[in-house]
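For reference, the chains in residue letters:
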Amino acid sequence: MKITVIGAGAIGGNLAAKLSTAGHDVQVADARGPEAVRAEVLESGARAVQLADAAVQNRDVIVLSIPFGVAGQLADLFASVPDETVVIDTSNYYPGMLSDPIEAVDNGQVESVYTAELLGRPVVKAWNAALAGTQQTRGVPAGTPGRLAIPVAGDSDEARRVAMQLVDDTGFDPYDAGTLADSWRQQPNSPAYCTELTLDELPAALAAADRAKDAAIRDSLPERIAARGANPTLDDIVEMNRAAHR
């Protein structure tokens, strides 16, 4: 497929590299300019472009890997995106930590529903519920025992199918998590969020989500990270997230 990744950070750059390695035609754009794209991403075959020059009219998929709440800045760009293009949102809301508080979301609007409103078009939620380190180092071929799973939510069956195939291409079992309105179950810090679960384990974790409790756990992140000491490992963070729901 022809894929544009907007955002070249830890997750966006990794997705660009993995999707290019899987054989897709990938271009990656970042608001900081092409120089923000790491060399290892380009070694995969992905191409760095200026955000203003990012092709959107003839792409099958656009992956948004940008800070939560800023999607409205791309509304003009997305005005020319065809209806059939699948738009995938990877962002997460951390009020007071990674973004300013957003009243609509604090009052219960689902994160990616808010993003869809900012863009003026539907989106699919995927790759948000796995740590960058997990995505970079723990993807394995389909059929590998213990392969980790990633939930995918969206209102279009076809768009969800496309996103699930791409999740598989990046080394993880995709799980159909239902409509976008249900994607709060994979938001921070639900039992399914960044806890490295398999396809057999993920459904129960999604079902156990509790919006009020999970938001409180999310907001306690600075204290929980501090309690882990300096330089926690990926396994430390995963265990911290799991322990919050025991």
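Remember, it's a predicted structure, so these values are computed and weren't measured experimentally.

Draft legend 1. Highlighting the sheet that holds strand β3 (residues 47-50). Read across the sheet, six strands follow the order β3-β2-β1-β4-β5-β6 without closing on themselves; strand pairing throughout is parallel. Of all strands in the sheet, those with a lone pairing partner are β3 and β6 (124-125), marking the two edges. As defined by bridge partners, strand β1 (residues 2-6) adjoins strand β2 (residues 25-30) across five bridges and the pair is classed as parallel. Each residue of the ladder has a partner; that of Thr-4, found in β2, is Gln-27. Sheet contacts for helix α1 (residues 10-21): β1, β2 and β4 (61-64); angle to β2, the most-contacted strand, approximately 165°. Strand contacts of helix α5 (residues 111-119): β4, β5 (86-89) and β6, with the helix running at about 130° to β5, the strand carrying the most contacts.

Draft legend 2. Seen up close, the pairing of β5. Here β5 shows two buried faces, one formed by Val-86 and Ile-88 and the other by Val-87 and Asp-89. Bridging between β4 and β5 involves four bridges; their strand directions are parallel. Bridge pairing in β5 links Leu-64 to Asp-89. As defined by bridge partners, β5 adjoins β6 across two bridges and the pair is classed as parallel. Note that in β6 the partner of Ile-88 across the bridge is Val-124.

Draft legend 3. Expanded view of the environment of Pro-141. Turning to its location among the elements, Pro-141 is positioned in the loop between α6 (132-137) and β7 (149-152). The exposed category is assigned to Pro-141, whose relative accessible area is 58%.

Draft legend 4. Broad picture of the environment of Gly-171. Inspection of the secondary structure puts Gly-171 in the loop between α7 (157-169) and β8 (173-176). A relative accessible area of 7% places Gly-171 in the buried class. Placed 34 residues apart in sequence, Gly-171 and Thr-137 show a C-alpha to C-alpha distance of 9.5 Å. The contact partners of Gly-171, leaving out residues within four places of it in the chain, are Arg-138, Gly-139, Val-140 and Arg-147.

Draft legend 5. Inspection of the pairing of β2 at higher detail. Within β2, five of the six residues are buried, leaving the element largely enclosed by the surrounding structure. In this fold, β1 hands off to α1, which returns the chain to β2; that crossover is right-handed. Pairing of β2 with β3, which is carried by four bridges, proceeds in the parallel orientation. Counted as the bridge partner of Asp-30 is Gln-50 from β3.

Draft legend 6. Representation of the layout of surface pockets. Considering only enclosed or pocket space, the largest pocket measures out at about 800 Å³ in volume. Forming the boundary of the largest pocket are 36 residues, of which Ile-11, Ser-65, Ile-66, Pro-67 and Leu-98 lie nearest the centre. Elements that contribute at least two residues to the lining of the largest pocket include exactly α1, β2, α10 (221-227) and α11 (234-243). When residues in the lining of the largest pocket are grouped by element, the largest group, three residues, is from α11.

Draft legend 7. Structural context of the packing of aromatic side chains. Enumeration according to the criterion identifies three aromatic pairs in this entry. Pairing Phe-68 with Tyr-93 gives two aromatic rings, centres 5.2 Å apart and planes at 45°, and the pair type is tilted. Residue Phe-68 is found in the loop between β4 and α3 (75-78), and its partner Tyr-93 is found in the loop between β5 and α4 (103-106); the two are separated by 25 residues along the sequence. Tyr-93 gets classed as buried once you look at its relative accessible area, which sits at 1%. Centre to centre, the rings of Tyr-94 and Tyr-193 are 6.5 Å apart; their planes meet at 55°, and the pair counts as tilted. One end of the pair, Tyr-94, is in the loop between β5 and α4; the other, Tyr-193, is in the loop between β8 and α8 (202-207), with 99 residues separating them in the sequence. A residue is classified by how much of its surface remains accessible, and Tyr-94, at 8% relative accessible area, is buried. The buried category is assigned to Tyr-193, whose relative accessible area is 6%. One aromatic cluster is present, built from ring pairs that chain together Phe-68, Tyr-93 and Tyr-114.

Cut-offs applied
- Residues numbered from 1 in each chain as written.
- Predicted model: local features only at pLDDT ≥ 70, side-chain atom pairs only at ≥ 80, totals over all residues.
- Heavy atoms only, no water.
- Pairing = 2+ DSSP bridges.
- Helix = DSSP H or I, 4+ residues; strand = E, 2+ residues; numbered from the N terminus.
- Contact = heavy atoms within 4.5 Å.
- Axes fitted to C-alpha atoms, helices over the stretch in contact; angles between N-to-C directions.
- Buried < 20%, exposed > 50% of the residue type's maximum accessible area, 1.4 Å probe, protein only.
- Right-handed = clockwise from strand over helix to strand, strands pointing away.
- 1 Å grid on protein atoms, 1.4 Å probe; cavity = no way out; pocket = protein on both sides within 12 Å on 5 of 7 lines; lining within 4 Å.
- Points joined across faces, edges and corners; volume = space filled by probe spheres on them.
- Phe/Tyr/Trp six-rings, centres within 6.5 Å; stacked < 30°, edge-to-face > 60°.

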